[in-house]
Amino acid sequence: MESQRKSSGEEDNSGERGSLHTWKGYSYSVTPERVLLSRPVLQAALGTRHGVLLVEGGQVYSFGEFPWKQSQVSEVDPLKPVLESALSGQRVVAVAAGSFHSGALTEDGGVHMWGENSFGQCGLSSLTVVPNPTPVAVMDPDTSPPHTIRVLELACGEQHSLALSAQHEVWAWGSGCQLGLVTTIFPVWKPLKVEHLVGRHVLQVACGAFHSLALVRCLPPQESRRPIPDKCGQCNQLLYTMTDKEDHVIISDSHYCPLGVELLAEGEARLGPGRSPPLGLLSSPSEPLSSHTSAPAPGPHPSITEHTYYERGRTVAQNGEVLTTTDADISASGTDSDRGVGGAGSRNSPDPDDQAVKEYLKKLSDTSLAEETAKMTIAGASFQPPADSLDLLTSDLIPGVMPVTTSSALNNLVSSCASAVGERVVSTYEALSLKKMINYYYPGVGGVAGVPGGVPGGFPGGPAEVRVRLEESMQGKKSCSTGDIREEEAEGLSRRLSLPGLLSQVSPRLLRRASRPRVQAVPLTLVGGLPEAGELLPSLQTEVWSWGRGEEGQLGHGDNLPRLQPLCIKCLSSKEVVLVAAGAHHSLALTAQSQVFSWGSNSSGQLGHMASPTTIPRLAKLSEGIRVWDVGAGAQHTLLLADGDCYQPILYYSGQQVRGGVQDTPQDQTEGYSYTQQPVLLPFCMNLGYVSGVFAGGQSCVALADRTVMGFIASLHELATAERKFYCKLSSVKNHILRPLLDLESLSTALGPASTVLLRSLVRCYSRLCHLTGQHSASLTANLRRRREFKSLVMLEHASIFLDTYNEYCCSVGNFLVMGGFQALAKPSLEFFGKCPELLQRLAESSEENIPLSDLLVTLFYLPMRHLHEYGRLLLKLGTCFEVSSVDYQKLQDGCSKFEALALHLKRRRKEAEYTYHFWKSFPGKMTDSLRNPRRRLICESSNKALTLQNSGRFSVNWFILFNDALVHAQFSTHHVFPLATLWVEPIPEENTGLHGLKLISPEETFTLLACSSMEKAKWLRSINQAVDQAMTGAGQSGSGAGQRAEPPISRTASYTFYKDSRLKEATYEGRWLAGKPNGRGMVKWLDGRLYTGTFKNGLEDGFGDYVMPSKTLNLNDHYQGHWKEGKMHGIGTYKYATGELYEGSFQDNMRHGHGMLRSGTLNSSSPSVFIGQWVHDKKTGYGVFDDITRGEKYMGMWQDDQRQGTGVIVTQFGLYYEGAFNNNKMQGTGVLLSEDNTTYEGEFSEDWTLNGKGVLTMPNGDYFEGSFTGEWGSGLKVTGSFFKPNLYDSDGDKGRAVKLGRLAVPSEEKWRVVFEECWMRLGCEAPGQGENQRAWENIAVALTTSRRQHRDSPEMNLSRTQNRMLESLEFIPQQHVGPVTMEKYDSIRRYLIKACDMPLHPLGRLLETLVAVYRMTYVGVGANRRLLLQAVNEIMSYLARIFQLVRFLFPDLPEEGGAIPEPSSNPQDKKDSNCADTQLESPKPGRVVSSSALLLPVLLPRLYPPLFTLYALEKEKEDDVYWECVLRLNKQPDVALLAFLGVQHKFWPVSVPVLGEKTEVVSSTKDACFASATETLQQISTTFTPSDKLQVIQLTFEEITKEVMSSLEDNFLWSMDDLFPVFLYVVLRARIRNLGSEVSLIEDLMDPCVQHGEHGIMFTTLKACYYQIQHEKTT
C-alpha cells in the first residue's frame, strides 16, 4: 500500500482528498459526520468501539473509546482523533483494528500492536493491556539465526491477530481455534506460522470475532496433481472401502476422523450430531483427506480437518425440493445450548445398518427415481450427486487434454471390482469418472467455472467430488456451486439419479450422452491466467479458506462446526473472489464480477438476503446492474460500495438499524424496521463526493471520499467503472450465450469439423480477453482503493498485453465469420433462444427490429472492439487534467493513440472479413471448398473484366482474385494459386504499346495482365504490391504499417513448392529469392528424401552446399558436402557414400574429376583400400597411389579408366619391389623385381608377379642367370638359359651389374601434375605460367574472403584465433609483387610465403596441404621401403621446382633459380660497379642467391620430414649400425684417453673445464667434460629439419670448439685441417648421434647447390669424413 501519494494530476488540496465520514445505521435521518484532520486519510480500521486512521505521511490517529489508555478522560469527544505519538518516528503504511486492540504496519514490514491483550492478541507476553503501540517481533525459528519476517498485511479479531508475510505465508497469535495452529495451549504469545497454508500463495487475510479467512491463489495445475492418499493422515484408517453386495458394489469414502472437531477442555473430541465411530462399512461419504485444492501442506503437522465431514438429516419432498434440518434448527429447539454440536437425541442416527442397506439395494432396481430418492433419504443414506450435474461437468471436459491421474485407492477399488459386477459398474465409473473431474479446471474450480447464479450440479473440485452429495444435503434449494437456485433447477432434482455409496445403475440418458460424439469443449475459465500478464495483474484464480468457530455458519462449509485448521470453501473456488471481509459472526467475499457472497450470522439481515441456510455462501440480493467493488463488515451490518447509473459511487447498507446510538434489540424480528431484507441505498452517498473505500466495525460505518479537482478523480472512477461494467458484460455473454451454445448436442453436426475448431479457438480467445478484462478491472479497483494515481496503470505501462489479446480475439472472430461460422451457428442458436432472441438483442446492444440471428451473433462477438474506443476516450479524458506540455499528458496521449489506432485497424479487419464472407457466398461452389481458408481475406477481384490475360483466346474466361496471401487465376473449371510471397509484379511501360500492362513473375511462370485503364492498372499494381509486402512482413498485425513502402523488395525470403519444373517437381524450396528465382542461402527438400542446403544462384545450386540423397538399396544416405556450380557438384567437396566409401577431392559436372582421395571400407571390413590421385570423369586416370590394405601392397603409377596402365611401382609389406610396365591392370611388359635380400629379376612379365619371357636373374652374391623365365615369383621358376658366376678378379666394369632403380618408374615431374594444375586454375590460369599476375592476386583475395565468410557461417569449421588474424593479413594483396627485388623485399616475400603456406584457405596453403597428404600417403606404411628413397628425394626436388614456378608467377621480379639479389650499396653512384665487382670477385653468399630450396624448404620439409627421414634410416641401416657400435665402444674411454687415441695435439687439450660454474682440473678419469658445449651444440642437429639449419648447427659447433681452444692459446691462432679434424672427431663421438649417416645423406641430397663450395660446404665435408672415419676406425 502506497503511504505517500503525489498529487495525481492536480495541486494537492488536502481538503479535497481522503476526507473521512462516519455514521451508524441506515435510516433516512442519518447524516454522516466528517472527521476533520490536517492531512488526507489513506486508510481506516474499526473495532467494536474505536477506530484507527492512517493519514498521508504515515501518521496514525485513534478515535472512539480506548479503555487501555489510563490517561483517557471520558469527556473527550469520541470522534476527536488522537495522534499515536509512539509511532511518530515510524512511517506506517497500513493499520488494522480488532474488537478491542489495534495494529500498525511500518514501511520496513515491522508490526506494532496496542490495546487489550488478555488473550495474547497483541503478541506481548505478561501484559493484559498494552497502552501504546509496541513493536512485535515476527521471527522465523526455522532459520538459524532466526530472522525477522517482513509483513505485508495485518488483520485483527476479538482474541487473535493474523499477519501476511512477504513470502505470502500466514502468521497467527492470540487464542482460540481461529489461529489455525496445531496447539491446545492458549494464549499463543508469539507469532507462529500457520503450517497448513505453507506452500500456498496467500493474497489477503481477514479476521472475524472468532473466525479467520484467507484469500489464496490457486495452485497451478501441475502442482495439484499429487497422488491421492489412501489412508487418513491422522488415524491411519483407509479412506475408501469396497463392499460387494449381491449385484451391487458399494464403494464408500465415508471415513470419519475424530480430529476434525474443536478440542474441548477435557481433551476429548466430540463427534458430530448423532454420530458413532465407524464400524466396518459406512455408506455416508465424508471429505477425503487430500482434495484437489487442499492437498496437505508440507510440514510437520498433517491435516486435521480436511477429510472430516458431518451429516445433517434431511427430507426430500415429492417434487424433489430438498428440505433440510440444520444444526441451527436443532439447537433452536432447545436440545443443546452449544450451537456447534447438535443434540444427539434430536434425530435418528444417519448410519443405516447392513440390513437396511441390503433391503434398499434390492428395492432400488425397479422403482421410480423420485420414490427412490425420497425413500433413500428417509432411510438416512446420503444423497448422491445428480447425474445431470455430472453430465454438465463432464460436458465441459476436453477429451484431448485428459490428464492422467495417479492411481488412488478409489481407482484401484473400482478396477478390482469391475469383473465382479460387470460392465454396469465400469460404465457408471466412466460416467462419474474421477479422472474426468480431477485437474480439469484450474485447481478448485467448483462446478462449471464462472457461472454467476450457479449451474445445477457444479462440484467443488478435486477427488472429493464424490462427497459433494453431503454438502448438497445441507443446502436446501441450493446447488453447491452457490448462487440463487432457479425454480427449474429445483424441479430437476426429481429427475436425478441416486447412487448408493458410489455405484449403482446408470441413467440411460447419462450413457447416451457419454456415447454421443461431442464438441470438444473449451475451458471457459482460463487455466493459469495470461502468461504475459504474469505478476502485473491481480490473480482471479483464487480460493477462500476459513477456520475458527463456526456456530453461526460463518466458515461457509455448510455446517456449524469449528475448524481447527484452514479449510477451503470449495463452492467459492471458481468465483474469482478478489476480496474477503469478516464481520463479527459473518463473512463476505467480493468477486471480480462485482458480486458479493455472504454467509454466517444473519440475525439482522447483514447477509443481504433472507435465504437459508446461511452456512454456505450465497449472493447478496442487489438490483440488476449494481456492481459492488468494496465491502466492509461490522458486528451486525454490512456496507457495500458500488457503481450506480453514473460513475459516482453509491453506498448500500444491510443489517442492524441503529437509532440514537442505541441498538435495536432483535428480539422481535417480525418488525420490518430493525433489520434489512436486502441491502438498502444510503441516500446521502451522493453528497460525499467520490468514495474510494468503505470500512465497518462494531456499529459504525466509515467512508473515505475525494472531491474531484479538474476531473481527475472522476476520470479515474469512470475508467474503473467502465472496466467493471465491461467485465460483467463479457461474463454474462460467456455464461448466457457461449456456455449454453457449447453445451448444445447439435452443435458439432451443425458446424462441421472445420468450423468447430474455429469456434473452439474463438472461445479460447474470448476467455483470454474476458480473463484479462477481469484482472484489469480488479487492478483498477485496487488502484482506486489505494493510490488513486495513473502512473501505475498496467494499460499504459504494458499496453502490448491488451493490444495483442484484442488483436488475437478479433482475428479469431474474423476467421469464424469468413468460414460462415455465424450462419451455421444460427440454427442451433435458434433452437436454444427460440424465435424471440431478446436476451441476445439486449446483450448485443442492438435496437434494430427483425435483425437476422446470424447478424446478431456477429454484432455480439464484435462488441468487445468498441471497448478500445472507450479506453482511448478515457485516457484522453485523464490527459486533459494535465498541462499539455507535461510528460504525464504525453504518456496518456501515447496510450490513447495506441488504442485508437488498434480500434481503427480492427474495424478495417472486420470490414475485410465481412467483404470476404460475402464474396464466398457468391463464388462458384466447387472452388470455394479448395480456396476458402479462415485466415484468407479478399482484397480485390476482376469479375468486372478490369483485368485480362494478354493473348488469351476469344472465349476464354480469366478471373483474377487477389487475397491477402495469394493471387488466384480462375478459369472455367480450373484455378491456379500463386502465393504472394513468391510473386513479383512490375508495370510494363506504356510509351510504345498503349496497353496498360502488368508483368507478373512467379517461380515457374511469367505472364502479362492487361488492365482496362491506367487507373485500374495503378490500383492493381498498388494492391498487389501492398499485399505482397504485408504477406512478407506479417503486417496486418499492426495495420498502421500498410502502404509505407512503394513496392516490396525484389530479394526476399520465402517458401515454395514446385509443381512443374522437371528437376524440382514437388520439391519444396525455403530460402532467399531474387526476381522469381532461388538466389542466396536456401534449402530444397524433394519428396523422395533428397535434401540440399546451401547457396543458390539464378535458381541453381551454386557455391557451398550440403546434399543428402537416400540410397535405394541400403537404408542409409549418400552425403555430399562441398562446392557447386550451375546446379552440379563442381569444385572441392567430400562425398560419403551409403556403402561406407568416402571421397574427398575435386568434382566437375557431378563427377569425380581432378585430384581426390577415395577410402573404401574400414580397416576391419572386407576390402579396405585407399586411392589418392587423379580422376577423370569419375574414373581413376593419370598418376595415383593405391594402397591395398588387405594384400599389403602399394601401387604408385599411372592409371587409365580405373585400371593400372603405363609405368608404375609396387612395393609389398614383405619387402618385394617392382617397377615397370602395367597393362590392363596387370604387370605386363618389361620390369624390374627386387626381393628383400637383393635378389633381382630384370625382364618380361605377363601377370602380377609372374615372369614370362627373357630376363636376367641376379643373386645377392653376384651370380646371375640369363635366359627365358616362366612361373610366379616365390613359387618355383622355370628357367631356360645360362648361369654366370663372376670371377673375383674380373674387372670392376662387370661388377656394376647392380640395377639402377627408378628408370621404369613415373618421372617425379610427372607425378601429381593435376594437383599443381588445380592450383594454377585457382589463380585464374589455363595452364602453368599462362595468365595475368594481377588477376591471380585478385583470385587469391576473393578465395580468402569467401572462405572466411563461409567459416563464419558454419561454426563446425572453426579457425583458431591466430589463423583468423593470419587470414585477415593475407586478404591484403602485398606490394612486393611488383618492382625490383631487394634483400628487404626478398625477406618480406619469404615471410608472406610462410604465412600463405600455413593457411589452408590460401591457394598455396591448399597446394602444400595436398602435397603433404599425397607424400605421406605414398611413403608411409608399406611405402616405407628403402628402395623408394631416391624417388622420395626426387619428388621433393620436383615439388620445389614447381612451387618456385608459382612463386615467380606471383612475384615476377624475383630472379630465377641461382640468380643474385643486389646488395643494397651505401653509395648510389658506384652501385653498378660494386654490383659487378661483387658478383665476379667474391664467392656468392647464401643470403644473396635466390634458390628454391632456401625459399621453400623451410616450409615444405618440416611437414615431409618424418616419412623422408624414415626412408634414409632404412637405407643407411647397416652403415649406421657399424658406426653406432664403434661410437659406443669408443665412448667407454675417459676424455684424456680418447683425446690421445684420436691423436689430438696436446696443446688443444683443455686443462680445466667448467663444471656447474666452477673450473675443474681435467684429470685422467674425467669423462664427458672436454668440449662439452660443442658436443651439446652438435646434438641439436637431430632437432632441425632443413639442410641449411643442420649446416648452421655444424658451423656453431666449430665456433664452440674454436672458442674453447682460443681460451688457452694466443689470439691470432688459425686452424689447419690436420689440427681441427681430430678435435672435431672427438666432438662427433661424444655427441653420440644415432642416425648420423642418415643426417649426412639428407644434407648431401638436399643441400643448396650454391653452398657446396663455401665455408658450409667444407664444414659439411669434415662431418662426413668423421662419419666414415668412425665406421672404419680400428680400436686397437
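Residues numbered from 1 in each chain as written. Predicted model: local features only at pLDDT ≥ 70, side-chain atom pairs only at ≥ 80, totals over all residues. Heavy atoms only, no water.

Participant: Any chance you could break down the overall build of the protein chain for me, citing the residues and the numbers?
Facilitator: Tallying secondary structure elements over the protein chain gives 36 helices and 65 strands in all. With 1676 residues in all, the protein chain has 55% of them scored as buried. Carbon together with sulfur atoms contributes 53% to the accessible area of the protein chain, which is approximately 71,500 Å² in total. (Helix = DSSP H or I, 4+ residues; strand = E, 2+ residues; numbered from the N terminus. Buried < 20%, exposed > 50% of the residue type's maximum accessible area, 1.4 Å probe, protein only. Areas by Shrake-Rupley, 256 points an atom, 1.4 Å probe, with all protein chains shown as cover.)

Participant: Quick rundown of the side chain of His168? Include the residues and the values.
Facilitator: Relative to the assigned elements, His168 resides in the loop between strand S14 (160-165) and strand S15 (170-174). In terms of polar contacts, His168 uses its side chain to reach the backbone carbonyl oxygen of Val202, at 2.8 Å. In this structure His168 touches Leu152, Arg200, His201 and Val202, once residues within four positions along its chain are discounted. (Polar contact = N/O pair within 3.5 Å; in protein donor to acceptor, adjacent residues only side chain to side chain. Contact = heavy atoms within 4.5 Å.)

Participant: Explain the pattern of salt bridges residue by residue, including any values.
Facilitator: This model, assessed by the stated rule, comprises 42 salt bridges. Here Lys1180 makes a salt bridge to Asp1202, at a shortest N to O gap of 4.0 Å. Here Lys1180 is found in strand S55 (residues 1179-1188), whereas its partner Asp1202 is found in the loop between strand S56 (1193-1200) and strand S57 (1203-1212), with 22 residues between them in sequence. Taking relative accessible area as the criterion, Lys1180 reaches 14% and is therefore assigned buried. Judged by relative accessible area, which is 32%, Asp1202 ranks as partly exposed. Residue Arg1313 pairs with Glu1310 through a salt bridge whose shortest N-O separation is 3.0 Å. A relative accessible area of 42% means that Arg1313 is categorised as partly exposed. (Salt bridge = Lys/Arg side-chain N within 4 Å of Asp/Glu carboxyl O.)

Participant: Break down the side chain of Thr916 for me, with residues and values.
Facilitator: Position of Thr916 relative to the elements: it lies in helix H18 (residues 887-922). Only 2.6 Å separates the side chain of Thr916 from the backbone oxygen of Glu912, close enough to count as a polar contact. Once residues lying within four places of it in the same chain are set aside, the contact partners of Thr916 are Val818, Arg936, Arg937 and Leu938.

Participant: Summarise the nonpolar core; cite the residues concerned and give the values.
Facilitator: The biggest cluster of nonpolar side chains holds 124 residues, and the ones touching the most others in it are Trp23, Leu651, Leu759, Tyr806, Tyr809, Phe822 and Phe899. The element contributing the most residues to this core is helix H11 (residues 712-743), with 15 residues. Residues within four places of Leu759 in sequence aside, it is in contact with Leu742, Leu747, Leu751, Phe816 and Leu825. Listed in part, the 77 residues of the second largest apolar core include Phe1316, Val1381, Leu1404 and Leu1408. (Core = buried A, V, L, I, M, F, W, Y, C linked by side-chain atoms within 4.5 Å.)

Participant: Can you lay out the packing of aromatic side chains for me, pointing to particular residues and giving the numbers?
Facilitator: Note on aromatic pairs: each is described by the distance of the centres and the angle between the planes. Counting across every chain of the model gives 64 aromatic pairs. Their ring planes at 75 degrees and their centres at 4.9 Å tell us that Tyr1120 and Phe1147 sit as a pair that is edge-to-face. Taken together, the residues Tyr1120 in strand S50 (residues 1117-1125) and Phe1147 in strand S52 (residues 1142-1148) connect sequence positions 27 residues apart. Stacked on the ring of Trp984, the Lys or Arg Arg1052 has its end atom at 4.2 Å from the ring centre. If you follow Lys1180 out to its NZ or CZ, it ends over the ring of Phe1171, 5.5 Å from the centre. (Phe/Tyr/Trp six-rings, centres within 6.5 Å; stacked < 30°, edge-to-face > 60°. Lys NZ or Arg CZ within 6 Å of the ring centre and 35° of its normal.)

Participant: Lay out the confidence of the model for the protein chain in plain terms, naming residues and giving numbers.
Facilitator: When pLDDT is averaged along the protein chain, the result is 77; 74% of the residues meet or exceed 70. Scored below 50 in pLDDT, residues 1-15 makes 35 contacts in the model with residues more than four places away or belonging to other chains. Note that pLDDT drops below 50 for residues 1466-1486; the model gives that stretch nine contacts with residues more than four away or on any other chain. (pLDDT = per-residue confidence, 0-100.)

Participant: Tell me what's going on with helix H14 (residues 799-818), and back it up with residues and numbers.
Facilitator: Helix length check: H14 (20 residues) gives 28 Å between terminal C-alpha atoms against 28 Å at 1.5 Å per residue, within 8%. Across the 20 residues that make up H14, a large majority, 17, are buried. (Expected span 1.5 Å × (residues − 1).)

Participant: Can you tell me about the pairing of strand S4 (residues 50-55), naming the residues and giving the values?
Facilitator: For S4, the buried fraction is high: six of the six residues fall into the buried class. Burial of the side chains of S4 extends over both faces: His50, Val52 and Leu54 are buried on one face and Gly51, Leu53 and Val55 on the other. Bridge count for strand S3 (residues 41-46) against S4 is five bridges, and the pairing is antiparallel. Among the inter-strand pairings, Leu46 is bridged to a residue of S4, identified as Gly51. Hairpin connection between S3 and S4: a loop of three residues separates the two successive antiparallel strands. Pairing of S4 with strand S5 (residues 59-64), which is carried by six bridges, proceeds in the antiparallel orientation. Looking at the pairing, Gly51 lines up with Phe63 of S5. (Pairing = 2+ DSSP bridges.)

Participant: Please provide a residue-by-residue account of the sheet that holds strand S1 (residues 19-24), values included.
Facilitator: Paired through their backbone hydrogen bonds, the strands of a sheet run either parallel or antiparallel. Spatially, four strands are ordered S2-S1-S36-S35 in an open sheet, and the strand pairing comes out antiparallel. Taken across any chain shown, the strands that pair with only one partner, and hence form the sheet edges, are strand S2 (33-35) and strand S35 (690-697). For this sheet, the mean angle separating the axes of adjacent strands, direction not counted, is 30 degrees. As paired strands, S1 and S2 are joined by three bridges and run antiparallel to one another. Opposite Thr22, over in S2, you have Glu33 as the bridge partner. (Axes fitted to C-alpha atoms, helices over the stretch in contact; angles between N-to-C directions.)

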